[in-house]
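The residues making up each chain are set out below.
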Amino acid sequence: MSFKTLRHGLLGGAIAALAMVSAAGTASAAGELNIYNWGNYTNPELIEKFAKAYDVKVTLTDYDSNTTALTKVKAGGHGFDIVVPSANYVPIFVKEGLLLESRPDQMENFKNVDPQWVDVPWDPGRKYTAPWQWGTTGVAVNTSAYAGDPNTAAIFLDPPAELVGKVNVVPEMNDVIGIAIMYVGGEPCTEDKAVLRKVRDTLMAAKPKWQSMDYGMTEKMSNNDVMASVNWNGSTFRIRLNNPKVVYGYPKEGYVVWMDSVAVLKDAKNVENAKLFQNFIMDPENAALISAFARYANGINGSEAYMPEDMKTAPEIVVPAEFKAAGKFLPTCSKEARDLYTAIWTELRK
Amino acid sequence: MRRAEIRRNWLLATPALILLLAAASGPLLIAVVYSVLEPGDYSGVVWKLSGEGWFRVLFNRDIFDDTVSLADAHLTIFWRSASLSLMTTFFTLLLGFPTAYFIATRPLRQRMLWLFLVTIPFWTNLLIRTFAIMEVIRNEGIANSTLMALGLIDAPIQMLYTDASVLAGMVYVYLPLMVLPLYASLDRLDFRLVEAAYDLYASRIAVLRRVIIPLVKPGIVAGSILVFIPSLGAYVTPRVLGGGKNMMISNLIELQFGEGRNWPLGAALSITLLAFVMVALIFYVRNMAGEQRNG
Amino acid sequence: MAEGTHRRFSVRRMPGFTSIAMLTFAMLYGPIVILVIYAFNAGESVALWEGFSLRWFVTAWDNTQVQEATFRSLIVAGAASLTATVLATMAALGTTRTRPYPGSLVIYALINQPLMVPEIVTAVALLIVFAMIKIATGYSGLIFLIAAHAAFCVPFAYLPIRARLEGMNLDYETAAADLYAPPWQVFRRVTLPLMAPGIVAGAMLAFVISLDDVVITEFVKSAGQDTLPTYMLGQLRRMVTPEVNAISTALLGVTVVLLTAFFVLNRQRR
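Remember, predicted model here, so these are calculated numbers, not experimental data.

(A) Fine view of the overall build of chain B. Helix and strand content of chain B: 13 helices and four strands. Dimensions along the principal axes, computed over C-alpha positions, put chain B at roughly 75 × 70 × 35 Å. Buried residues in chain B amount to 49% of all 295 residues. In chain B, once contacts between residues fewer than 6 apart in sequence are set aside, the share between residues at least 24 apart is 66%.

Structure follows, in structure tokens:
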């Protein structure tokens, strides 16, 4: 073995690397847009269409959680123009002074926004954010394992005998504790200790009956590794296409409705392009592109016409009228409530 | 030792120390400061002194009746991580030593190829590699189908989400961290010493125990450190293969920096871990060095 | 070497070791085979086989985001492991084969420190420091990522090199010096070749460690600086598609071709 050859190889590699590094630092600043969004959430066709329409170079960067996005944006120096936080995080971004009041409500395409998504609690009147996608967190059940009523949180909080040892719970603290609070009769973000004691006891009693606390249910429920799970509606829709025995349940005690919204950052360098993007996604045809990719609804009227056929009538995407009332947005919890939740969550997973 | 030599040693170490101070140890001072502040409303900290972060590392104030007790959740999680790391180190050594020995006894020009063969699987992403392991051991996976086809079992054995599957996954992920330092040390093993031992009618076991292992001890030390400490911080593998019902120490710390939004507690927990590992490491290295000198 | 192979009794052989090594290699490559198979999956999942197709190679080929992430991973890992290996080699020379001296324990602890702190802590701390620098200088290139990676790669490169150096025979170096070879010549012609296996092992480890890093990268990266692991992490919560399997398979293919070429050429030269 000659180390000389290796050394030459390494040297060549290093020079090439340095050349690319310096090139990466000097991209031109004209006509750019830097989007910071959840991973695997943005349709490449949408980006391409926007880039062509406005002659803008779009760069997409991914994050994996609201807290990561918040921490990075707060630290500054990141170079992003647009962020897509969840409903309960929008008020935090606003209070920390991180968002630009870009007034989507005055934009041309705002007329397309479904009225129910205009006066939303996290951004009344839509002064900061444009709708991206919304969905629900409920339960997915494989009817070959359990044929009873799937529309209850008891599927995971008090599993029926058929599902013991076969239930998964996604490790999302806010969603899981939120549903558990509604199950025992409280309001999300409550600080009522009597309610929280019930929540803790219910969760602790249910945990031994769970199989796992993991993501990736689209695969695991499609191939029968898991028989029931706390799950998102869009994912359950994908599962049903693979495995028709799986149904989506809307817990009647209360389930979580969420929406991710597009906001412009205060320290954005490409404000005009960012605003153009907000307006762009409120167009029905473009909103349909978003939904066709990630498989969630978008809150833009008229987009149904451009949506894939299978989504138009899917009971996972179109909430049946009888279950509409049980859906709740998670508010932004106080520091005290959050401390209590973290303590319960730690206890649960110790 | 002469002054000039000490100066030379420090000079040699300086560039590495500068990089580490700038991009690892220095920023860590921020964590030390944060650990004695109060958590901010939504994230970060507010500049008010508070011992609460440190207090909560060890003690738990019951959220329902405010009684103070030992934080058994933290201790349980800590112990789980430590014992998993110990087992991982043991099994990587068990598999890694013969593998490194095998590579080191190949003809000179083949060794590089075998080394590459050890590392190439790790050029692919950790997550999809872990998913691939999952595909082997799931109920309808390859391992169970094969066993059933051979008639060895009638019904699938639950392998996924067991402690054994987590351990197997960890050993898989951390194996190169053991093999490479062991190889670096075994490669210079002087087989004349081994031959001399055989000439003195030593058995193979005795040669291994009394001659080879003492000679490659630096490699064993390096490999054990490189497996034990990083595996303390592992969380992808335990979560995917273990089902994630129980947290590891790094999940706990991440929870505090993430959804829990309690940075001071997260910082205090990390510094506790750092102190624990540092003491264990120094003790371990001194102990091994001492044995080497006396043995 | 030769006398060992002529005899029936080989001093190098340890019974069972070769079998265990073969088992280890089989274990290492088992999951890789599956990973490659799923790159050709017609379905959308990395765990549910739906027939053969090249669609994910086409998807990956069309997806500039994932391609750029892959190249960026390789650049960062290459630059960071090279830096870390050079610095670690120097540090190892300064801390081994010498009696403890004032500060030697401090150096040892500092060098190994990145191993001991959970990544998330380093990540948050680095984010805060680097953000200040980025705001102050207006520069936010890949250098920040490379520096962060190089720092946590140092111990991974250092420990194998140190293990190699420890107790390495001083005779050759003394002999060379006795023959009036200048110190630099002694180092280049004698010490360095003797250290080489340790350096190679350390560099390989550093490269692999950098290639797999998620948490620190996630916090340090600026706009448009996703690496393959952070790209994957973003997918985790929604759905992991075989696209990355396709990328990895292509990467493995290139690696195998390059390695084969390298070894064939090397063999012919001798």
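(B) Focus on the overall build of chain A. A count of helical and extended segments in chain A gives 13 helices and twelve strands. Whereas a compact globule of 350 residues would reach a radius of gyration of roughly 20 Å, chain A reaches 23 Å, a difference of no more than 12%. Dimensions of chain A, computed from the C-alpha atoms along their principal axes, are close to 65 × 60 × 45 Å. Taken over 350 residues, chain A has a buried fraction of 54%. Long-range contacts, defined here as pairs at least 24 residues apart, represent 73% of the contacts in chain A between residues at least 6 apart.

(C) Region of the structure containing the nonpolar core. One finds Tyr 183 of chain B together with Ala 88, Leu 126, Cys 153, Val 154, Ala 157 and Leu 205 of chain C to be the most contacted residues of the largest nonpolar core, which totals 173 residues. Setting aside residues no more than four positions away along its own chain, Leu 205 of chain C makes contact with Pro 176, Leu 177 and Leu 180 of chain B together with Phe 156, Ala 157 and Pro 160 of chain C. Of all hydrophobic cores here, the second largest spans 102 residues; its members include Trp 132, Val 230, Tyr 250 and Trp 258 of chain A.

(D) Representation of the interface of chain B and chain C within the structure. Listed by partner, the interface residues are 84 residues for chain B and 90 residues for chain C. Examining the composition of the side of chain B that touches chain C, we find that 19 residues originate from one element, helix H1 (residues 3-34) of chain B, more than from any other.

(E) Quick peek at the packing of helix H3 (residues 72-104) of chain B against helix H7 (residues 163-186) of chain B. All names here are of chain B. Orientation of H3 relative to H7, taken along the N-to-C sense of each, is 45°, at an axis distance of 6 Å. Classified by the interaxial angle, the pair formed by H3 and H7 is oblique. Handedness of the crossing formed by H3 with H7: right-handed. Across the contact of H3 with H7, the residue classes tally to 21 nonpolar, four polar and no charged.

(F) Fine view of helix H12 (residues 249-257) of chain B. Taken across its nine residues, H12 of chain B has nine buried, putting it largely inside the fold. Buried within H12 of chain B we find Ile 249, Ser 250, Asn 251, Leu 252, Ile 253, Glu 254, Leu 255, Gln 256 and Phe 257 of chain B.

(G) Region of the structure containing the interface of chain B and chain A. On the chain A side, the residues contacting the 31 residues of chain B number 30 residues. Looking at the side of chain B that touches chain A element by element, the count peaks at four residues for helix H4 (residues 108-119) of chain B. Split into classes, the residues belonging to the side of chain B that touches chain A amount to twelve nonpolar, ten polar and nine charged.

(H) Fine view of the domain arrangement of chain A. Residue and element names in this part refer to chain A. Per the domain assignment, the segments of chain A are domain 1 (29-134 + 258-312) and domain 2 (135-257 + 318-348). Its C-alpha centre places domain 1 at a distance of 27 Å from the equivalent point of domain 2. Looking at side-chain class alone, the side of domain 1 that touches domain 2 contains nine nonpolar, two polar and one charged residues.

(I) Layout of helix H7 (residues 193-206) of chain A. All names here are of chain A. Its 14 residues give H7 an end-to-end C-alpha distance of 20 Å, which sits within 8% of 20 Å, the value for a rise of 1.5 Å per residue. Considered for burial, the residues of H7 that qualify are Leu 196, Val 199, Arg 200, Leu 203 and Ala 206. For H7, the angular spread of buried residues about the axis comes to 140°, placing them on one side. Away from its buried face, by an angle of more than 90 degrees, H7 presents the exposed residues Ala 194, Asp 201, Met 204 and Ala 205. Its buried side turned inward, H7 meets helix H5 (154-157), helix H6 (173-183), strand S8 (210-212) and helix H13 (335-348).

(J) Quick peek at the environment of Pro 229 of chain C. Inspection of the secondary structure puts Pro 229 of chain C in helix H11 (residues 228-236). Between the C-alpha atoms of Pro 229 of chain C and Val 214 of chain C, which are 15 residues apart in sequence, the distance is 5.5 Å. The residues contacting Pro 229 of chain C, other than those within four sequence positions of it, are Asn 125 of chain B together with Asp 212, Asp 213, Val 214 and Thr 217 of chain C.

(K) Geometry of the packing of H1 of chain B against helix H6 (residues 119-137) of chain C. Two elements in contact, H1 of chain B and H6 of chain C, have axes separated by 8 Å at closest approach and are oriented at 90°. Viewed along their axes, H1 of chain B and H6 of chain C adopt a mutual orientation that is roughly perpendicular. Taking contact as the criterion, the partners of Ala 23, Ala 24, Pro 27, Leu 28, Ile 30 and Ala 31 of chain B in H1 of chain B are, on H6 of chain C, Val 121, Thr 122, Ala 125, Leu 126, Ile 128 and Val 129 of chain C. When grouped by side-chain class, the residues that make up the contact of H1 of chain B with H6 of chain C number eleven nonpolar, one polar and no charged.

(L) Spatial organisation of unusual backbone geometry. All names here are of chain A. Here the phi dihedral of Arg 103 falls at roughly 50°; this positive angle occurs in a residue that is not glycine. Positionally, Arg 103 belongs in the loop between helix H4 (90-95) and strand S4 (119-120). A count of 15 C-beta atoms within 10 Å places Arg 103 in the partly exposed class. Positive phi, normally seen in glycine, also occurs at Arg 295, with a value near 70°. Examined against the element boundaries, Arg 295 turns out to sit in the loop between helix H11 (284-294) and helix H12 (309-312). Judged by local crowding, Arg 295 falls into the buried class, with 27 C-beta atoms found within 10 Å.

The rules we used
- Residues numbered from 1 in each chain as written.
- Chains lettered and ligands numbered in written order.
- Predicted model: local features only at pLDDT ≥ 70, side-chain atom pairs only at ≥ 80, totals over all residues.
- Helix = DSSP H or I, 4+ residues; strand = E, 2+ residues; numbered from the N terminus.
- Buried ≥ 20, exposed ≤ 12 C-beta atoms within 10 Å, placed from the backbone.
- Contact = placed C-beta atoms within 7 Å.
- Rg over C-alpha atoms; globule rule 2.2 N^0.38 Å.
- Core = buried A, V, L, I, M, F, W, Y, C linked by C-beta atoms within 7 Å.
- Axes fitted to C-alpha atoms, helices over the stretch in contact; angles between N-to-C directions.
- Parallel < 35°, antiparallel > 145°, perpendicular 65-115°, else oblique.
- Left-handed = near helix turned anticlockwise from the far one by under 90°.
- Nonpolar A, V, L, I, M, F, W, Y, C, P; charged D, E, K, R; others polar.
- Domains from an automatic or database assignment.
- Expected span 1.5 Å × (residues − 1).
- Arc of directions from axis to C-beta.

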